[in-house]
Amino acid sequence: MWNYEKRLEYPIHIKETNPKLAQAIITQYGGPDGELGASMRYLSQRYTMPYREAIATLTDIGTEELAHFEMICTIVYQLTRNMSMEELKASGFDVYYVDHTAGLWPQAASGVPFSAATFQSTGDPVADLTEDLAAEQKARITYDNILRLCEDSPEVKDAIRFLREREIVHFQRFGESLRIVQDHLDSRNFYIMNPAFDTGISGGSGDCGCKSNTP
Amino acid sequence: MNQRQRPDQEQLLQWINMVSFACTETVLYLNTHPDCSEALAFYQKHVALRKQALEEYARLYGPLTLDHAVSTGNKWAWIQQPWPWEGGKC
């Protein structure tokens, strides 16, 4: 269950019109390292996560990512709400406009539609959390790249800097979650079993008697 | 925020954003540090400030959540207030 709050996580008030910049920033809505994919990744992975700290981390970061794609959509909306046909054509936004007018649709900057193929839910806690760490770094560099494109748009830059900073905090929390998962595993071989699947084997405490069959 | 009579709408929303962010950040920290008494106290303090501010905002300017959408007269207030993406108009 989710509750909606009628406010942004961080306020956005953009007065300028800049469809070209909007077309780049939309990638953090539906692109390969965007906020929608991040949210779906974490909220999908949490069901088979065996440890309380990591389940909560996936749930709450997955929820915060929903607030982030609302921020991205707000930036794109505000940058395009007053555009003229001339601005639209001159900026190259016409290729988006022809399918969506000024409506919001999850795609990458290159026009590739949002796809669940951009993320995984492996059902393995170590693999999932390692992917999550990479996802936060990839989103961080996307924001670094966006920041180079919006030097002249202080109102956009301010919101993008907030979002970039959140990637760094989330990376830290996923790192702690991975450490907590590994603390539950056999330090001699983290991969001796999958604690989310091999539930018949005694919790990875090292007393399962199968060390000689280490893969 | 304690001294003011009737806070300005934008200031009050900014205050809600601030205390809410403090809560969001502390929740993520507590998830991986559930025994940190300092963080627990910090969360309790800020979640109370947030609750108080959300109630005050609903009373003065309209509901930000559906839990606060009941106490504003005869008209359904939820649809009256601006949506979050509508800011920044000239």
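The present account deals with the structure reproduced in this document.

What counts and how
Residues numbered from 1 in each chain as written. Chains lettered and ligands numbered in written order. Predicted model: local features only at pLDDT ≥ 70, side-chain atom pairs only at ≥ 80, totals over all residues. Heavy atoms only, no water. Helix = DSSP H or I, 4+ residues; strand = E, 2+ residues; numbered from the N terminus. Buried < 20%, exposed > 50% of the residue type's maximum accessible area, 1.4 Å probe, protein only. Contact = heavy atoms within 4.5 Å. Areas by Shrake-Rupley, 256 points an atom, 1.4 Å probe, with all protein chains shown as cover. Buried area = accessible area lost by both parts, 1.4 Å probe. Salt bridge = Lys/Arg side-chain N within 4 Å of Asp/Glu carboxyl O. Polar contact = N/O pair within 3.5 Å; in protein donor to acceptor, adjacent residues only side chain to side chain. Nonpolar A, V, L, I, M, F, W, Y, C, P; charged D, E, K, R; others polar. Phe/Tyr/Trp six-rings, centres within 6.5 Å; stacked < 30°, edge-to-face > 60°. Lys NZ or Arg CZ within 6 Å of the ring centre and 35° of its normal. Core = buried A, V, L, I, M, F, W, Y, C linked by side-chain atoms within 4.5 Å. Patch = residues over 30% accessible without salt bridge, like charges linked within 9 Å, V, L, I, M, F, W, Y side chains within 5 Å. Expected span 1.5 Å × (residues − 1).

### A short note on the overall build of chain B
Step number 1: Scanning chain B for helices and strands turns up two helices and zero strands.
Step number 2: Every one of the 90 residues in chain B was classed for burial, and the buried ones make up 38%.
Step number 3: Intrachain contacts of chain B at a sequence separation of at least 6 include 47% that bridge at least 24 residues.
Step number 4: Carbon and sulfur atoms make up 53% of the accessible area of chain B, which amounts to about 5800 Å² in all.

### Here's the deal with the interface of chain B and chain A
Step number 1: Between chain B and chain A, the residue contacts involve 30 residues of the former and 30 residues of the latter.
Step number 2: Together chain B and chain A conceal approximately 2500 Å² of surface at their shared face, both sides included; 56% is due to carbon and sulfur atoms.
Step number 3: Considering only the side of chain B, the residues that lose the most area to chain A are Leu28(B), Pro84(B) and Trp85(B), jointly responsible for 24% of the buried surface there.
Step number 4: Taken together, the connections running from chain B to chain A amount to two salt bridges.
Step number 5: When the shortest N-O distance is used, the salt bridge between Glu5(A) and Arg50(B) registers 2.6 Å.
Step number 6: Connecting chain B to chain A are 13 residue pairs in polar contact (both at pLDDT 80 or more).
Step number 7: Ranked by residue count, the leading element in the side of chain B that touches chain A is helix α1 (residues 9–32) of chain B, at 13 residues.
Step number 8: Classifying every residue of the side of chain B that touches chain A by side-chain character gives 15 nonpolar, eleven polar and four charged.

### What to know about the packing of aromatic side chains
Step number 1: Counted according to the given criterion, the structure contains ten aromatic pairs over all chains.
Step number 2: Note on Trp83(B) and Trp85(B): the rings are 5.8 Å apart at their centroids and 20° apart in plane angle, and the pair reads as stacked.
Step number 3: Sitting over the ring of Trp78(B), Lys6(A) keeps its end group 5.0 Å from the ring centre.

### With respect to the nonpolar core
Residue and element names in this part refer to chain A.
Step number 1: Counting 29 residues, the largest nonpolar core has Ile-25, Ile-75, Leu-79, Val-156 and Ile-160 as its most contacted members.
Step number 2: Those elements that place two or more of their residues in this core are α1 (19–25), α4 (52–80), α7 (125–149) and α8 (154–183).
Step number 3: Among the elements that take part in this core, α4 stands out by supplying seven residues, more than any other.
Step number 4: Dropping the residues within four chain positions of it, Ile-75 is found in contact with Ile-12, Ile-14, Ile-25, Val-156, Ala-159 and Ile-160.

### Side note on the pattern of salt bridges
Step number 1: Taken as a whole and assessed by the stated rule, the structure comprises 13 salt bridges over all chains.
Step number 2: Among the ionic pairs, Asp144(A) bridges to Arg164(A), the shortest N-O distance being 2.5 Å. Pair noted here: Asp144(A) is in helix α7 and Arg164(A) is in helix α8, with a separation of 20 residues, a long-range link.
Step number 3: Across the salt bridge formed by Lys157(A) and Glu151(A), the nearest N and O atoms sit 3.5 Å from each other.
Step number 4: When its relative accessible area of 23% is taken as the criterion, Lys157(A) is described as partly exposed.
Step number 5: Connected through shared salt-bridge partners, Glu5(A), Arg7(A) and Arg50(B) make up one network.

### Quick look at a nonpolar patch on the surface
Step number 1: A surface patch of nonpolar side chains, amounting to about 330 Å² of accessible area, comprises Leu66(B), Trp76(B) and Ile79(B).
Step number 2: By secondary structure assignment, the location of Ile79(B) is in the segment after α2 (37–61).

### Concerning α7(A)
Step number 1: With 25 residues, α7(A) ought to run about 36 Å at 1.5 Å a step, and its terminal C-alpha atoms sit 36 Å apart, in line with that.
Step number 2: Of the residues flanking the start of α7(A), the one acting as N-cap is Asp124(A), its side-chain oxygen 3.1 Å from the backbone nitrogen of Val126(A).

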